[in-house]
Amino acid sequence: MRRRVVVVGGGLAGSLLCNELARNHAVTLLERGPKNSFRYPNVHFVNRELAAIDTFCFGGGGTTNLWHNGLIPINPQDVTGREFSDVLVEARPFIDQAAAALFFAGESFTAEYESLAAEANTPSSVFPSFPDGIDCLVYPKKFRSLTIAREVDDVYDVEGIGFVLDDREVKAVEFSTGGQTRTIDVDLVIISAGAMGTPKILQRIIAETGAAFDRVGVGFIDHPMGFVGKVKFKKNVSETVRQLSSCDRGSYISRSAVRLKSECGRYTACVFFRPSLTMENDLSIYKYKSRLGASTGLARLKHIFSRKVLHPDIVAEVFGHLLGFNIPSRTYNILFIGEQKRGDNRVFYDGDDLNVDWRISDEEISIYRNMLEALNDILVELADQIEIKTDITEDWLWSAAHHSCTTPMGHREHDLIDKNLKLRFCDNVYVCDGSVIQEHSYANTGLAIGQLAFRLAKRIADA
Ligand SMILES: Cc1cc2nc3c(=O)[nH]c(=O)nc-3n(C[C@H](O)[C@H](O)[C@H](O)COP(=O)(O)OP(=O)(O)OC[C@H]3O[C@@H](n4cnc5c(N)ncnc54)[C@H](O)[C@@H]3O)c2cc1C
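Residues numbered from 1 in each chain as written. Predicted model: local features only at pLDDT ≥ 70, side-chain atom pairs only at ≥ 80, totals over all residues. Heavy atoms only, no water.

(A) Broad picture of the pairing of strand β8 (residues 158-166). Pairing between β8 and strand β9 (residues 169-177): seven bridges, direction antiparallel. Following the sheet pairing, V158 is matched in β9 by T177. Adjacent in sequence and paired antiparallel, β8 and β9 are bridged by two residues, among which D167 carries a positive phi angle near 55 degrees. (Pairing = 2+ DSSP bridges. Helix = DSSP H or I, 4+ residues; strand = E, 2+ residues; numbered from the N terminus.)

(B) How the structure looks around the site of the ligand. Residues in contact with the ligand amount to 35 residues; listed here are only the nearest, E31, T63, G70, G434 and G446. G70 is positioned such that a nitrogen or oxygen atom in its backbone is 2.8 Å from an oxygen atom of the ligand. When the ligand is considered free in solution it has 1000 Å² of accessible area, and contact with the protein chains removes 95% of it. Counting only elements with at least two residues in the shell around the ligand, the list comes to α1 (12-21), β5 (58-59), α5 (194-209) and α11 (446-462). Top element by residues in the shell around the ligand is α5. It accounts for three residues. Partitioning the shell around the ligand into residue classes produces 14 nonpolar, 18 polar and three charged. (Near = heavy atom within 4 Å. Polar contact = N/O pair within 3.5 Å; in protein donor to acceptor, adjacent residues only side chain to side chain. Areas by Shrake-Rupley, 256 points an atom, 1.4 Å probe, with all protein chains shown as cover. Nonpolar A, V, L, I, M, F, W, Y, C, P; charged D, E, K, R; others polar.)

(C) Geometry of the packing of aromatic side chains. What the rule picks out here adds up to ten aromatic pairs. The interplanar angle of 75 degrees and the centroid separation of 5.6 Å between the aromatic rings of F38 and Y40 together place this pair among those described as edge-to-face. According to the relative accessible area criterion, Y40 is partly exposed, its value standing at 36%. Ring plane angle 50 degrees and centroid distance 5.8 Å describe the contact between F104 and Y252, whose orientation is recorded as tilted. Residue F104 is found in the loop between α3 (95-101) and α4 (109-120), and its partner Y252 is found in strand β14 (residues 252-261); the two are separated by 148 residues along the sequence. Like Y252, F104 is buried. Pairwise contacts between aromatic rings join F104, F109, Y113 and Y252 into one cluster. Looking at R255, its charged tip hangs above the ring of Y139, at a distance of 5.3 Å from the centre. In this structure, R346 is placed above the aromatic ring of F348, and the distance from its NZ or CZ to the ring centre is 3.8 Å. (Phe/Tyr/Trp six-rings, centres within 6.5 Å; stacked < 30°, edge-to-face > 60°. Buried < 20%, exposed > 50% of the residue type's maximum accessible area, 1.4 Å probe, protein only. Lys NZ or Arg CZ within 6 Å of the ring centre and 35° of its normal.)

(D) How the structure looks around the sheet that holds strand β4 (residues 43-45). Taking strand neighbours across the sheet as the criterion, the three strands line up as β4-β18-β17 in an open arrangement whose pairing is mixed. Strands at the two margins of the open sheet, each flanked by one partner only, are β4 and β17 (346-350). If you compare each strand with its neighbour and ignore which way they point, the axes differ by 30 degrees on average. Sheet topology note: the β4/strand β18 (residues 353-357) ladder contains three bridges and is parallel. From the neighbouring strand, H44 faces β18, where its bridge partner is N355. Across the sheet, α5 touches β17 and β18, and the angle it forms with β17 is around 55 degrees. (Axes fitted to C-alpha atoms, helices over the stretch in contact; angles between N-to-C directions. Contact = heavy atoms within 4.5 Å.)

(E) Just the environment of V309, in detail. Mapped onto the elements, V309 comes out in the loop between α8 (297-304) and α9 (312-322). The spatial distance from the C-alpha of V309 to the C-alpha of I285 is 9.1 Å, given a sequence separation of 24 residues. Among residues more than four places away in sequence, those in contact with V309 are Y288, I304, I314 and V315.

(F) Structural detail: the side chain of H440. With respect to the helices and strands, the residue H440 is situated in the loop between β21 (429-431) and α11. We classify H440 as buried; its relative accessible area is 0%. A polar side-chain atom of H440 sits 2.9 Å from a polar atom in the side chain of H223. Apart from the residues within four sequence positions on either side, H440 is in contact with I74, I221, D222, H223, E339, H402, S404 and T445.

(G) Focus on the sheet that holds strand β11 (residues 188-191). Taken together, five strands build an open sheet; the order of strands is β7-β2-β1-β11-β21 and the sheet is parallel. Either end of the sheet is taken by a strand with one partner, and the two such strands are β7 (153-155) and β21. Taken pair by pair, the neighbouring strands of this sheet meet at an average axis angle of 15 degrees, ignoring direction. With three bridges joining them, strand β2 (residues 26-30) and β7 adopt parallel strand pairing. Across the sheet, L30 pairs through a bridge with V155, a residue of β7. Its contacts with the sheet place α5 against β1 (4-8), β11 and β21, and it is angled at close to 145 degrees to β11.

(H) Looking closely at the domain arrangement of the protein chain. Domain annotation of the protein chain identifies domain 1 (4-70 + 145-216 + 404-462) and domain 2 (116-142 + 224-338 + 361-396). Computed over C-alpha atoms, the centres of domain 1 and domain 2 are 33 Å apart. With eleven residues of domain 1 at the contact, the number on the domain 2 side is 17 residues. Between domain 1 and domain 2, roughly 1200 Å² of surface is buried when both sides are summed, and carbon and sulfur atoms account for 58% of that area. When the buried area of domain 1 at its contact with domain 2 is split by residue, I53, H68 and Y442 rank highest and sum to 51% of it. (Domains from an automatic or database assignment. Buried area = accessible area lost by both parts, 1.4 Å probe.)

(I) Here's a closer look at α4. With twelve residues, α4 should reach 16 Å at 1.5 Å per residue; the first-to-last C-alpha distance of 16 Å fits that figure. Within α4 the residues assigned to the buried category are F109, Y113, L116, A117 and A120. Buried positions in α4, seen along its axis, are confined to an arc of 95 degrees and lie on one side of it. Lining the buried residues of α4 we find α3, β6 (134-140), α6 (235-245), β14 and α11. (Expected span 1.5 Å × (residues − 1). Arc of directions from axis to C-beta.)

What follows is the structure, given as structure tokens:
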């Protein structure tokens, strides 16, 4: 049956859902930002900034306007919550479809990824197997921001979205654009406004139902990330490390990471090795490098006009990451990506103003320190020199821009969605975007968000 579907938010999840559902349904996209460009949000940070650069944006394609398109699955075995682990297992069959929509050009992402992992985890006489294994990130060389198919009725610069409910169903959606107010009747609503935007929309629906959910936006998690040291590898392993660090595979680049499990097994982090020239462990250079690497367009140009760009480690990074050429060196930066678990971090709104209350807890810092000490012990056999900052503080880490977990899933009183991503108190509203990712080890979230979008589209088609 052809149904009237409204998707709120045209970012990574919203674009994939719109395009897939438009094959069989009448789909309207309501996007807060402009159509062919994007703008950065105003954010008030309650405790600390997420990063020195903007970590999300509004506009057609959402944050895919900024991203690097690195693809990696979240391993369900790294997820401690049963419910979300089950969801990831159910979303596994959609990996290839999601990867293809996210510009992976090969026949099967799954086959390629499994072969990369097997290759990286095969020990040699000089290179041991790591206790927690090696994982691989796949960067398609050709990618662009996501766009909306012609079949979708896409509306941009939308404000003041409201919902008309009858009993447990949304019957109509109201909004204004270009100074005009419109109301459209709906059969189904999907909220895909991202981990930062979805809580505000959910609050509007909750207000209409009179339900008492007061933890919308609570539980926000990200990946604390930072350069935490240097290592100069021995000559006999340097070629293997170079391949792990970055390897040109034709249509994509692979970058491998050493996985690190916490002593209690609950947390999983990883480290990447990035080419460097010096053994200097300078936080200001690391911060500059991160700003340069993550910025785009004019912002990147501005960063280039800094004396720091001439630092040998920055030169190595520019050649390695931006130009795709690795300077031959046995010295590497250690890039740490840590896991956070749902806690009291939150995003919340005062009227239209977005507030982000993000911290890395003392417990998390202590877990990361132990992991780095364990890494130091592992590297001793392989390195001529190691300089790891094992007593890192919060200052060494910033957001990897993988905003997640602002829509709680489960059956506790304050949980909002079930395993089908359906609102528990509303029968025709679903949520699908970074906000529904409940745990994410160290894994970039884009591929998982894509898998969840195609899983939801299939369920809607089959219903
Ligand atoms: C520099 C950078 C690099 C990254 N690199 C990677 C990477 O290599 N791999 C990876 O997996 N991830 C990466 N990410 C993260 C990735 O981009 C995000 O995880 C992903 O885009 C999130 O998808 P989403 O659908 O949840 O949200 P978004 O893509 O942010 O989409 C949300 C959409 O909702 C709209 N919206 C918000 N509020 C409203 C509202 N009230 N009404 C209507 N519309 C609304 C927004 O305008 C936006 O279009 C990167 C991020 C950054 C910043």
